[in-house]
Amino acid sequence: MSKRFTSLALTAHPPAATPGGRGRSRRVVAPVAAVSVLIAGAALTGCGQQRDADVYTVMNSSTDESYHRWDAEAMARCGKQLGVTIEQQSVPAAQVMTKALRMASSKSLPDIVQFDASEMPTFAEAGGLVDLRTLGLSTDDIPRGIVNFGSYKGTYYGAARSVNTLALFYNKDVLDQAGLKVPATWDELRETAKKLTEGKRYGLALSAGGAEDGVFQFTPFMWSNGGDETKLDSPQVAEALDYWKALLQDGSLSKSTVNWTQADVNDQFMAGNAAMMINGPWQVETLNTKKSLHWGIAQIPVPEAGDDSVGPLGGAVLTVPNTGDEARERTAGRIVACLSSEKEQLTYALNSWMVPANAKAAAVWRERVPELDALADQVAAARSRTAKLGAGWSNVSLALQSAFQSALTGQSSEAALKRAQQRATSGN
């Protein structure tokens, strides 16, 4: 029996939404209750449950019919290749962490868990995951930023099949009729949004809701302006929040922005109530159902011409829990390697409109979907939300959510962010 995982003190997350997820069933980082579970080393070993030697389980959040089917097909291909049966257990995204906790306490963890990358560090911090490099997985063809996306304190725990980020989506017909070009800087975005705001149509839609969706959407403005999650009360972060406030004061953003999720933003764009929106590739499948909507995509505008547009990396990673059964862990590692192989990544990315994590697969993807080329450029400069703070990101996210609600409804950005920094530091 393994002694590697001696305790687990994790945070449960309520049902809601995962940015960088699929826009329908996404997770909120904000915890509603702290769940401390102390488990003896033996609790996570295979002695709690008899397992079929040739059947392996993957727990993921692929509850959407399309994603569940695509994953099932990939698992069938990899199972045939490896000579095992791979079963898929899909639960709502918001429940992956709490489900994993319950299964850990009952000694019935699955062989592989697909965590949202922002949650993976919490499980890794407690010692609950196996270093994938020790299981033979290579990171040779994966960009450094994406390796970091699946790592915690330098250890590679999570293999991404695909990643995503945010971009500026725009209605081609609306911009053409107004004789406007796609904005590339903050000044251009503000001016364009003003000119396109007319009647019931706003110039821009974005999510500033009190959940991780809003924080996910704020990071490109914060990071591209030189702000940092380690100092929320810096002038650079305040300038980014002031920019959002200016768009709201211009009337270019709806006052409902403070309540909208990314799915709500997409609904507004599709309904013609917004000429542009900040959103991600998980919306493409839905956008394409409206044939009369001619949309384009560009990188998110930056403070000054020449600045890097730095967005957040979103998506999930495949991990191997520490079950204490090293033979099964090795086979689980081979399954992860197959599911995240160049060929499988390309297939998954072409189905889901995400960007392959593997650089070679991403190059082919660019050729196959040139209309999303700007998204691949945005991914190239994107950052992981947890790269600097690890499991501490959840405190920052909660603090920013509160700051948005305060600043966008009247409080100064400086005061809201000063309080946010205090909350992030104290955890209260």
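Criteria and thresholds
- Sequence order as written defines the numbering, with residues in each chain counted from 1.
- The predicted origin of the model limits local features to residues at a pLDDT of at least 70 and limits the giving and counting of side-chain atom pairs to 80 or more, whereas totals for whole chains, interfaces and linings rest on all residues.
- Calculation of side-chain values draws on the structure's entire complement of heavy atoms; hydrogens and water are dropped beforehand.
- Here the rule is simple: two strands pair whenever DSSP picks up at least two bridges between them.
- Only DSSP runs of H or I with at least four residues qualify as helices, and only runs of E with at least two residues qualify as strands; both kinds are numbered from the N terminus onward.
- The angle between two axes is taken between their N-to-C directions and runs from 0 to 180 degrees, where each axis is a line fitted to C-alpha atoms and a helix contributes only its stretch in contact.
- Note on contacts: a residue pair qualifies if any of its non-hydrogen atoms lie within 4.5 Å across the two residues.
- A pair of cysteine sulfur atoms is labelled a disulfide when the two atoms are within 2.5 Å.
- Burial classes follow relative accessibility: with a 1.4 Å probe on protein chains only, a residue under 20% of its type's maximum area counts as buried, one over 50% as exposed, and anything between as partly exposed.
- Only Phe, Tyr and Trp rings are paired, with Trp represented by its six-membered ring, and only when their centres lie within 6.5 Å; those with planes under 30 degrees apart are stacked, over 60 edge-to-face, the remainder tilted.
- Sitting over a ring, as applied to charges here, requires NZ of Lys or CZ of Arg to be within 6 Å of the ring centre and within 35 degrees of the ring normal.

(A) A look at the sheet that holds strand 11 (residues 274–279). Reading across from one edge, 10-11-9-12 is the order of the four strands in this open sheet, with mixed pairing throughout. Edge positions in the sheet fall to strand 10 (202–205) and strand 12 (295–298), since each has one partner strand and no second. Each strand axis lies, on average, 20° off the axis of its neighbour in the sheet, ignoring direction. Bridge count between strand 10 and strand 11: three bridges; the pairing is parallel. Of the residues in strand 11, the one forming a bridge with L204 is M276.

(B) Molecular detail of the sheet that holds strand 3 (residues 55–60). Strand order in this open sheet of four strands is 4-3-5-13, and the pairing throughout is mixed. The open sheet has two edge strands with one neighbour each: strand 4 (85–90) and strand 13 (316–319). If you compare each strand with its neighbour and ignore which way they point, the axes differ by 20° on average. Summarising the sheet, strand 3 and strand 4 pair through six bridges and their orientation is parallel. Bridge pairing in strand 4 places N60 opposite S90. Taken strand by strand, helix 11 (residues 326–339) contacts strand 3, strand 4, strand 5 (112–116) and strand 13, and its axis lies near 55° from that of strand 3.

(C) Summary view of the state of the cysteines. In total, this model carries one disulfide according to the counting rule given. The disulfide that involves C78 links it to C338, with 2.1 Å between the sulfurs. The S-S bond linking C78 to C338 shows a torsion near -90°; that makes this disulfide left-handed. With C78 in helix 1 (residues 65–82) and C338 in helix 11, this residue pair connects regions lying 260 residues apart in the sequence. Across this residue pair, the class does not change: C78 and C338 are buried.

(D) Region of interest: the packing of aromatic side chains. Summed over the entire model, instances satisfying the criterion amount to twelve aromatic pairs. Between F221 and W244, the ring centres sit 5.8 Å apart and the planes meet at 70°, which makes this aromatic pair edge-to-face. Placement of the pair is F221 in helix 7 (residues 212–224) and W244 in helix 8 (residues 235–250), with a sequence separation of 23 residues. Taken individually, F221 and W244 each receive the classification buried, so the pair is uniform in this respect. Centroid distance W244 to F404: 5.3 Å. Interplanar angle 50°. Geometry classified as tilted. Note that W244 is positioned in helix 8 and F404 in helix 15 (residues 393–407), a separation of 160 residues in sequence. Each member of the pair, W244 as well as F404, carries the same accessibility label: buried. Three or more aromatic residues joined by ring pairs form one cluster here, namely W186, F218, F221, Y243, W244 and F404. Taking the ring centre of W223 as reference, the NZ or CZ of R383 above it sits at 4.1 Å.

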